[in-house]
Amino acid sequence: AILSAGDEALLQRRTDTLGPAYRLFYEEPFHPVRGEGVWLYDEEGTAYLDAYNNVACVGHCHPRVVEAMARQASMLTTHTRYLQNNIVDFAEDFLASFPDPLSHIMFTCTGSEANDLALRIARVKTGGTGVIVTENAYHGVTIALAAMSPSLGAGAPKDENVFTIPAPTGQHGEQEGEIMRANVEKALATMAERGIKPAALYVDTIFSSDGIFSHPKGFLKPAVDAFRAAGGLFVADEVQPGFARTGEEMWGFIRHGVVPDMVSMGKPMGNGYPVAALVVRPDVVAEFGERTRYFNTFGGNTTAIATAQAVWDIIRDEGLLNKTLETGSAFRADLESLAREGDVICDIRGSGLFIGVQIAGDDPRGRTARLVNALKKKRILISASGPGGDVLKIRPPLAFGADALDFFMSGLREAIKDI
Ligand code: PMP
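Residues numbered from 1 in each chain as written. Predicted model: local features only at pLDDT ≥ 70, side-chain atom pairs only at ≥ 80, totals over all residues.

## A short note on the overall build of the protein chain
Put simply, the rule is: Where helices and strands are cited, they refer to DSSP runs of H or I of at least four residues and of E of at least two residues respectively, numbered from the N terminus. To assign burial, the other C-beta atoms lying within 10 Å of each residue's own C-beta are counted, with C-beta atoms placed from the backbone; 20 or more indicates buried, 12 or fewer indicates exposed, and intermediate counts indicate partly exposed. Residue pairs are scored as contacts if the distance between their C-beta atoms, which are placed from the backbone, is within 7 Å.
Helices and strands together make up the secondary structure of the protein chain, namely 12 helices and 15 strands. Seen along its three principal axes, the alpha-carbon backbone of the protein chain occupies a region of about 60 × 55 × 45 Å. The buried share of the protein chain, taken over its 419 residues, is 48%. Summarising the internal contacts of the protein chain: among those between residues at least 6 apart in sequence, 75% fall at separations of at least 24.

## Notes on the site of the ligand
Applicable threshold: Being near a molecule or strand means, for a residue, that its C-beta atom, positioned from the backbone, comes within 6 Å of it. When residues are grouped by polarity, Ala, Val, Leu, Ile, Met, Phe, Trp, Tyr, Cys and Pro land in nonpolar, Asp, Glu, Lys and Arg in charged, and all others, Gly among them, in polar.
The ligand sits among 15 residues. The nearest are Thr 110, Gly 111, Ser 112, Gly 140 and Val 239. Ranked by residues supplied to the shell around the ligand, first place goes to helix α4 (residues 111–126) with 3 residues. For the shell around the ligand, the per-class residue count stands at 4 nonpolar, 9 polar and 2 charged.

## Side note on the packing of α4 against helix α8 (residues 282–291)
Helix packing geometry: the angle between the two helix axes and the distance between the axes. Rules: Axis definition: a line fitted to C-alpha atoms, over the contacting stretch in the case of helices. Angles run 0 to 180 degrees between N-to-C directions. Small angles under 35 degrees read as roughly parallel and large ones over 145 as roughly antiparallel, with 65 to 115 read as roughly perpendicular and the rest as oblique.
Viewed as axis vectors pointing N to C, α4 and α8 meet at an angle of 95°, and their least axial separation amounts to 8 Å. One element, α4, and the other, α8, form an angle in the roughly perpendicular class. Together, Arg 120, Ile 121, Val 124 and Lys 125 of α4 and Val 284, Val 285, Glu 287, Phe 288 and Arg 291 of α8 make up the contact between the two elements. Here the contact of α4 with α8 is built from residues that sort into 5 nonpolar, no polar and 4 charged.

## So, the sheet that holds strand β13 (residues 380–381)
Inclusion rule: Two strands are said to pair when DSSP picks up at least two bridges between them.
Taken together, the 4 strands give an open sheet; going across it, the order is β1-β2-β3-β13, and neighbouring strands pair in mixed fashion. The sheet is open, and its two edges are formed by β1 (32–36) and β13, each paired on a single side.

## Notes on unusual backbone geometry
Following Asp 100, the chain continues into Pro 101 via a peptide bond in cis, with omega recorded as 0°. Along the chain, His 215 connects to Pro 216 via a cis peptide bond; the corresponding omega equals 0°. One non-glycine residue with positive phi stands out, namely Cys 61, at about 50°. Relative to the helices and strands, Cys 61 is located in the loop between β3 (47–50) and α2 (63–75).

## Structural notes on the domain arrangement of the protein chain
To keep it simple, the criterion reads: These domain boundaries are the output of an automatic or database domain assignment.
Per the domain assignment, the segments of the protein chain are domain 1 (31–58 + 319–418) and domain 2 (63–317). Taking the mean C-alpha position of each, domain 1 and domain 2 sit 26 Å from one another. Tallying the contact residues gives 24 residues for domain 1 and 29 residues for domain 2. Tallied by class, the residues present in the side of domain 1 that touches domain 2 amount to 12 nonpolar, 9 polar and 3 charged.

## Examining the nonpolar core
Quick note on the threshold: When buried Ala, Val, Leu, Ile, Met, Phe, Trp, Tyr and Cys residues are joined through C-beta atoms within 7 Å, the set is termed a nonpolar core.
Ranked by internal contacts, the top residues of the largest apolar core, which has 118 residues, are Ala 118, Ala 200, Leu 201, Val 235 and Met 262. Among the elements that make up this core, the one with the highest residue count is helix α9 (residues 302–317) (8 residues). Taken domain by domain, this core gets at least three of its residues from each of domain 1 (31–58 + 319–418) and domain 2 (63–317). With near-sequence residues (within four places) excluded, Val 235 lies in contact with Ala 118, Ala 122, Ala 200, Leu 201, Tyr 202, Pro 260, Asp 261, Met 262 and Ser 264.

## Details of the environment of Tyr 48
Here Tyr 48 shows up in strand β3. Those residues within four positions of Tyr 48 in sequence are excluded, and the remaining contacts are Phe 30, Pro 32, Trp 39, Leu 40, Arg 379 and Leu 381.

## Points about α4
Going by this rule: By this rule the span expected of a helix is its residue count minus one, scaled by 1.5 Å.
Taking 1.5 Å per residue, 16 residues should reach 22 Å; α4 reaches 22 Å between its end C-alpha atoms and fits that length. Taken residue by residue, α4 has Gly 111, Ser 112, Glu 113, Ala 114, Asn 115, Asp 116, Leu 117, Ala 118, Leu 119, Ile 121, Ala 122 and Lys 125 as its buried positions. A positive phi of about 70° marks Gly 127, the residue just after α4.

## Comments concerning helix α1 (residues 5–18)
Compared with the 20 Å implied by 1.5 Å per residue over 14 residues, the 20 Å span of α1 between its first and last C-alpha is a close match. Here α1 lies mainly on the outside; 0 of its 14 residues are buried. Downstream of α1 by one or two residues, Gly 19 has phi in the positive range, about 80°.

## So, the sheet that holds strand β6 (residues 162–165)
Strand order in the open sheet formed by 7 strands is β4-β10-β9-β8-β7-β5-β6, with mixed pairing between adjacent strands. A strand with exactly one partner marks an edge of an open sheet, and here the two such strands are β4 (104–108) and β6. Across this sheet, the average inter-strand angle for adjacent strands is 20°, counted without regard to direction. As judged from the 4 bridges shared by strand β9 (residues 262–265) and strand β10 (residues 276–280), these two strands associate in the antiparallel manner. In the strand pairing of β10, Ser 264 is matched with Leu 278. Contacting β5 (130–134), β6 and β7 (198–204), helix α6 (residues 176–193) runs over the sheet at an angle of about 155° to β6.

## Quick word on the pairing of strand β2 (residues 39–42)
Regular strands place side chains that alternate from one sheet face to the opposite one. Pairing between β1 and β2: 4 bridges, direction antiparallel. Across the sheet, Glu 36 pairs through a bridge with Trp 39, a residue of β2. The pairing of β2 with β3 spans 3 bridges and is classified as antiparallel. Looking at β3, one finds that Leu 40 is bridged to Tyr 48. Between β2 and the antiparallel strand that follows it, β3, lie 4 residues; Gly 45 among them carries a positive phi value of about 85°.

## Overview of the packing of helix α11 (residues 364–377) against helix α12 (residues 402–418)
This is how it is decided: Crossings are sorted by hand: turned counterclockwise from the far helix by less than a right angle, the near helix makes the crossing left-handed, and turned clockwise it makes it right-handed.
As a packed pair, α11 and α12 sit with axes 9 Å apart at the nearest point and diverge in direction by 125°. Regarding the angle of α11 to α12, the classification is oblique. In the crossing of α11 with α12, the sense of the turn from one axis to the other is right-handed. Counted together, Leu 371, Ala 374 and Leu 375 of α11 and Gly 411, Leu 412, Ala 415, Ile 416 and Asp 418 of α12 form the full contact between these two elements. Grouping the constituent residues of the contact of α11 with α12 by class yields 6 nonpolar, 1 polar and 1 charged.

Spelled out as structure tokens, the structure:
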């Protein structure tokens, strides 16, 4: 490692204090001290291109976001048990982006809390407990959700109510939908054999941790229909694909032609401020509301909402949905031509600025890891995805322009040569 003496010491102190469960990116850890737009800067002022961070969706430290957050924080930060204008104004404005009948919103601080709340609501509404997730899914940190997150590995908690189905493979074209439906039906049959009633099917609609599967559009619908026919609810986990990320629509599920019963979201919602939410159909949450109540100390606080409103305004004012579509298409076209130059890249998937690049070869996992680390040396930050760790995951802030794309492509071209 070529870490500075200061960073060597910091690394040791970090291990001493944070303990063994944390992981850092890269063989040679990165230590940014400042962010602006799509760039992160280290202590020496060297700029690194952030091509991975979907949280800073409108760009790191966007001045309008920082200003809105600071202004509200200097005036009042309080919770949802007082009357406040901004939460209702935001709810009305934001819910307009969802199809009927998705017309209630409940605020949390994290995507995990939103998914956990969805599970509670689904259990009340359906009277069931059975859950289906994909084989390499990630849905969150609580005990219930860690058990629904097989990507955490063998050490993840086990739950007899959780059933997995294979993720799409990207190999079956128009058959993808029917294959997924058959897999859901098989899982439902096993559930029935064990006397477990279905509650919820959770799907990350871009299959981020499964390896990024975006096409053909609509392939999710038959699986959702089958699960609903058995009495379960469909939860679209939009933590990754939401907020214009896929370029064509504000929400990933829309590409699939389904209207979920609940939609969870988080990450980009506050551009880094912890604000997340669950959007839900009124009839789905009605009984839950009668039987119990919901309060989340920090979820939906005034400053969280002011921040989320600023992000939402910027996405629209800066035309980020269209920009994402355009940059994403240019990005994939550049990658396609790079793929033709050699035998390293064998598939390019994704939509908008959520791109998966499948790496070929005898040891695709090793090659992908070497590429990610070689890119870091070229001052480009990305990571890998998929059960085999053999997919480059490219997911930059949406404010990713032509200059950034050129920088990325020349870096990737060199990195491929270097490894
Ligand atoms: N769902 C998906 C698809 C995610 O990627 C994540 C976070 N990686 C979560 C849920 C959980 O969100 P959070 O980390 O905000 O709890």
